[in-house]
Amino acid sequence: MDEEHILKDHIHAIQKIAEDIGKNITIMEICGGHTNIILKYGIRDILPENIHLISGPGCPVCVSSQYDIDCMIELANQHIPIATYGDMLRVPGSKYSLDDIRAKHGNVFEIYSTTEVLDLQKKYPNIVFFGIGFETTAPMTTYLIEHDVMVYSVHKLVPPAMNILLQGLVNIDGFINPGHVSTIIGTHAYKDITVPQVITGFTAERILRGIRILVELIRNNENTVVNGYPEAVTEQGNKKAQTLLAKHFSIVDSEWRGLGFLPKSGLEVKKDTLNAKIKYAHLLEKVPLPKKTKCRCGDILKGLIKPEECPLYRKVCTPDNPQGACMVSEEGSCAISYRYGK
Amino acid sequence: MLSHIDMGNRKVVKIVEKEFIGLAHGSGGKEMVDLINSFSFSHRGTWKNVDNDAATIDIGEQKKLVFTTDSFIVHPIFFPGGDIGHLAVSGTINDLAVMGAKPLGLSLSFIIEEGFSFHDLQTIVHSINLLSTKTKIPIVTGDTKVMEKGKLDQIIINTSGVGIVSDEELFTKELQVGDAILLSGGLGEHAVALLSKRFDYETSIITDSKPVIDEINAVKKYIKIAKDPTRGGIAATLNEICMRNKKGILLYDKDIPAKQEVRTVVEMLGINLYELACEGRFICFTEKKHAKKVESILKTFNNDAAIIGEVTQGNSVIIQSILGKRMLPNPTGRIVPRIC
Amino acid sequence: MCYAIPAKILEINGETAKVDYGGVMKNVNICLLESLKIGDYILIHAGFAIEKLDKKSADETLQLIKEMLHLSEQDSSNA
């Protein structure tokens, strides 16, 4: 079968299963990469009316709290050299973004891989790495901790967030689990989540196939995790990466933008001397708590509303004047919606 | 964010909420366009096409003088398949060529950092000389400045160009719904060649930087509009054309050419193929009935040349893929590899 | 981006491996994996290898899924 036929086959099968189910069901995806492909190919638009596919908090930049972002910006503003992934640079803090500080002082460095931070460390021994991302990226930060680089960690864990979302205002009937987080944590990490789940890869076909499997599980009331990405994901996951995470991070309560403090959902650097929050506490205690704005990123991340339903979307909040992280981050739901013409 | 200030009989666009210029203002996307629009120079004389690749002025006998300028800050200055000198000359020749003009001469200005290698400068000058000789487009005037060490990153080159075009041949003809859009070769090769040093990968891809004047001349009589998709790629270029011509564009995703290695790098770095700069490619619009002929002529220069879409009603760029249609917006910010 | 793409190991030098993405070669860090050999396919994210790709067991699982989907289609059409 060529690609078009395979896709049509999936769509046809999904329609049949949706008819069998009859009532409305909601499935949530929680991976920035999946969000992008779903919107890029308009997958939401071709699903049957009673299947609601919503985007959850799968973009690590979007879920980093405004307060943490303000703290990193303050460190940069105090001329401390900062390195982070490119996504983070344009996120607006309460006053500036890291990009603005870079333009002002020049001490903010964009990296593609944490290995580059070691080169920067030679020139800037006091460099701080702003560690954002879920379980996929946190192991790359342990590499820096092993090399005595100071870290400000806002790394977060996906399964605890999934559990909280299940208790939230939206009834979630199933999840499309993140692809590469699953590579690290393994399928067994999701066993306590009591709805059907599927792990998929990153093509339109894989995602449609995953949705087909998921709606089938929902129809049959099978609360299980199907691994639709077996070439990259195993039951146990990457044990070495997990060991490094346990060695260098403690699991702590963590603030997720729009979701509040979620218990045991974040990673904190164990070694005090390499924890920027401790080393620079005297600077950070001056950072005020952010003011409330009309930005509804939080509700978007919970899947309560779509970007189009935020009063600021497109009217005030656009990619060149972003009001919140969901618009600034290229993986943010609002940025992706905007890019694809919603 | 922009706001309009009414100053009597002219509107001035003021950029608010920004204290300083950022890299995005030079990246070829929306921020740069907004910045340039905000300059609002009030005295233009009788020049036209001042927001186009080259400006034009009537010089009688149904001819126009065509004038363009560009500055080159590419890094690294030597990259696979080319250097900043070759790029500077090609770029300005192309800005004239995509207006339909015959280039008459170029200016060449160097701003050089103290301590810059003499040998490197000779290499760059040699590239420029070779290209000028090959294309028979002379370098007729210029300037050289040197700045103290540390005040400049190696070298900046500015080239300006002057050309001539008849009113009939000027590539600013009106677009009609149904007109075909063609691309003269694969996307993204210049960007991928450049990024290989920054992101430390090896590839056989070399820059596509070259003058496109021969190709354009071969299909000149069929061209309504042409543009070279440099900074911001075809995303920026096509959105600009939509805006200027108040038409929409439909692209056929599967027909847009790009070499496999380019697609691999795009995946690897998490960047957008349609926002990648090309320096030796052009997009052209022709009547539908000429599309196949133009495509076959362009294929004699580069086998990847292809019909990639058509003009529609509307005011945005839409891409048609297997599953449906989606918008291709104007790029914002700069190329940023993404993380999970 | 969640994007991670597969590459084949060409050389191993300590914690670095030179990999081939299909014509594009790059050095990546392999400290997150063990027992890698030249010729292995690995999945790379932000310059680090995060998993060795096990083609054989992947093919088996994908075949099972295919069969499951074929069966479920029969189910639906019989309903």
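Residues numbered from 1 in each chain as written. Chains lettered and ligands numbered in written order. Predicted model: local features only at pLDDT ≥ 70, side-chain atom pairs only at ≥ 80, totals over all residues.

Looking now at the overall build of chain B. Broken down by element type, chain B carries eight helices and 17 strands. In terms of overall dimensions, chain B is globule-like: its C-alpha atoms have a radius of gyration of 20 Å, near the 20 Å expected for 340 residues. Considered along the principal axes of its C-alpha atoms, chain B spans approximately 55 × 50 × 50 Å. Buried residues in chain B amount to 44% of all 340 residues. By sequence separation, contacts in chain B at least 24 residues apart represent 81% of the contacts at least 6 residues apart. (Helix = DSSP H or I, 4+ residues; strand = E, 2+ residues; numbered from the N terminus. Rg over C-alpha atoms; globule rule 2.2 N^0.38 Å. Buried ≥ 20, exposed ≤ 12 C-beta atoms within 10 Å, placed from the backbone. Contact = placed C-beta atoms within 7 Å.)

Helix and strand content of chain A: 17 helices and eleven strands. Whereas a compact globule of 342 residues would reach a radius of gyration of roughly 20 Å, chain A reaches 20 Å, a difference of no more than 12%. With the C-alpha coordinates aligned to their principal axes, the bounding extent of chain A is approximately 60 × 45 × 40 Å. Excluding contacts between residues fewer than 6 apart, the proportion of contacts in chain A whose partners are at least 24 apart in sequence is 68%.

In this section: the nonpolar core. Judged by nonpolar contacts, the single largest core of 211 residues is most densely connected at A:Met72, A:Ile82, A:Val128, A:Val151, B:Leu182 and C:Ala49. Per-element accounting of this core gives the leading share, nine residues, to helix 11 (residues 204–219) of chain A. Lining this core are residues from two domains, each supplying at least three of them: domain 2 (53–166) and domain 3 (180–327) of chain B. Excluding residues that lie within four positions of it along the chain, A:Met72 makes contacts with A:Ile82, A:Leu98, A:Phe130 and A:Tyr152. (Core = buried A, V, L, I, M, F, W, Y, C linked by C-beta atoms within 7 Å. Domains from an automatic or database assignment.)

With that settled, consider the environment of A:Val225. Residues and elements named next belong to chain A. Looking at where Val225 falls in the secondary structure, it is placed in strand 9 (residues 225–227). With 23 C-beta atoms packed within 10 Å, Val225 lands in the buried category. In the structure, Val225 is positioned 179 residues away from Ile46 in sequence and 24 Å away in space, judged by C-alpha atoms.

Residues and elements named next belong to chain B. For chain B, the assigned domains are domain 1 (1–43), domain 2 (53–166) and domain 3 (180–327). If you average the C-alpha positions of domain 2 and of domain 3, the two centres end up 23 Å apart. Taken together, the contact between domain 2 and domain 3 spans 17 residues of the former and 20 residues of the latter. Sorting elements by how many residues they give to the side of domain 2 that touches domain 3 places helix 2 (residues 84–97) first, with seven residues. Looking at side-chain class alone, the side of domain 2 that touches domain 3 contains eight nonpolar, eight polar and one charged residues. (Nonpolar A, V, L, I, M, F, W, Y, C, P; charged D, E, K, R; others polar.)

All names here are of chain A. Read from one edge of the open sheet, four strands run 4-3-5-6, paired in parallel fashion. One side of each edge strand has no neighbouring strand; the edge strands of this open sheet are strand 4 (108–111) and strand 6 (150–153). Pairwise comparison of adjacent strand axes, ignoring direction, gives a mean angle of 30° for this sheet. Pairing analysis gives four bridges linking strand 3 (residues 82–85) to strand 4, with the strands arranged parallel. (Pairing = 2+ DSSP bridges. Axes fitted to C-alpha atoms, helices over the stretch in contact; angles between N-to-C directions.)

On average, residues of chain B score 89 in pLDDT, and 92% of them are at 70 or above. Note on residues 1–16 of chain B: pLDDT under 50 across the span, and 23 contacts to partners over four residues away in sequence or across chains. (pLDDT = per-residue confidence, 0-100.)

Take the packing of helix 4 (residues 189–198) of chain B against helix 7 (residues 260–269) of chain B next. Residues and elements named next belong to chain B. Here helix 4 crosses helix 7 at 55°, and the two axes come no closer than 10 Å. By the angle between their directions, the pair helix 4 and helix 7 is classed as oblique. You can see that helix 4 and helix 7 cross each other, and the crossing is left-handed. In this structure, helix 4 contributes Glu189, Val192 and Leu195 to the contact, and helix 7 contributes Val262, Val265 and Leu269. Here the residues of the contact of helix 4 with helix 7 sort into five nonpolar, no polar and one charged. (Parallel < 35°, antiparallel > 145°, perpendicular 65-115°, else oblique. Left-handed = near helix turned anticlockwise from the far one by under 90°.)

Take helix 8 (residues 138–146) of chain A next. Taking burial as the measure, the nine residues of helix 8 of chain A include eight buried ones, the bulk of the element. Those residues of helix 8 of chain A not exposed but buried are A:Ala138, A:Pro139, A:Met140, A:Thr141, A:Thr142, A:Tyr143, A:Leu144 and A:Ile145.

Looking now at the sheet that holds strand 3 (residues 55–60) of chain B. Residue and element names in this part refer to chain B. The five strands lie next to each other as 3-4-9-7-8, forming an open sheet whose pairing is mixed. The open sheet has two free edges, formed respectively by strand 3 and strand 8 (139–147), since each of these has just one partner strand. The average angle at which neighbouring strand axes cross in this sheet is 15°, direction not considered. Pairing of strand 4 (residues 63–72) with strand 9 (residues 155–166) involves ten bridges; the strand directions are antiparallel. Looking at strand 9, one finds that Phe67 is bridged to Val162.

Note that strand 11 (residues 201–202) of chain B and strand 3 (residues 25–29) of chain C share two bridges and pair antiparallel. Counted as the bridge partner of B:Tyr201 is C:Lys26 from strand 3 of chain C. Bridge analysis of strand 2 (residues 16–20) of chain C against strand 3 of chain C gives five bridges, and the strand direction is antiparallel. Directly across from C:Thr16, in strand 3 of chain C, lies its bridge partner C:Asn29.

A word on unusual backbone geometry. Residue B:His75 is joined to B:Pro76 through a cis peptide bond whose omega torsion reads 0°. Tracing the backbone through its elements, the reader meets B:Pro76 in the loop between strand 4 and strand 5 (78–79). Of note in the backbone geometry, B:Glu61 takes a positive phi value of approximately 55° without being a glycine. If you trace the backbone, B:Glu61 turns up in the loop between strand 3 and strand 4. Unlike most non-glycine residues, C:Ser35 shows phi in positive territory, near 55°. Relative to the helices and strands, C:Ser35 resides in the loop between strand 3 and strand 4 (41–45). Given 6 C-beta atoms within 10 Å, C:Ser35 falls into the exposed group.

Residue and element names in this part refer to chain B. Pairing analysis gives four bridges linking strand 10 (residues 180–183) to strand 15 (residues 306–312), with the strands arranged antiparallel. Across the sheet, Leu182 pairs through a bridge with Ile307, a residue of strand 15. Pairing of strand 13 (residues 248–252) with strand 15, which is carried by four bridges, proceeds in the antiparallel orientation. Within strand 15, the position partnered with Leu250 by the bridge is Glu310.

An α-helix turns once per 3.6 residues; consequently, residues spaced three or four apart project the same way. Residue and element names in this part refer to chain A. With 19 residues, helix 1 (residues 3–21) ought to run about 27 Å at 1.5 Å a step, and its terminal C-alpha atoms sit 27 Å apart, in line with that. Within helix 1, the full set of buried residues consists of Leu7, His10, Ala13, Ile14, Lys16, Ile17 and Ala18. Residue Gly22 follows helix 1 closely and has a positive phi angle near 80°. (Expected span 1.5 Å × (residues − 1).)

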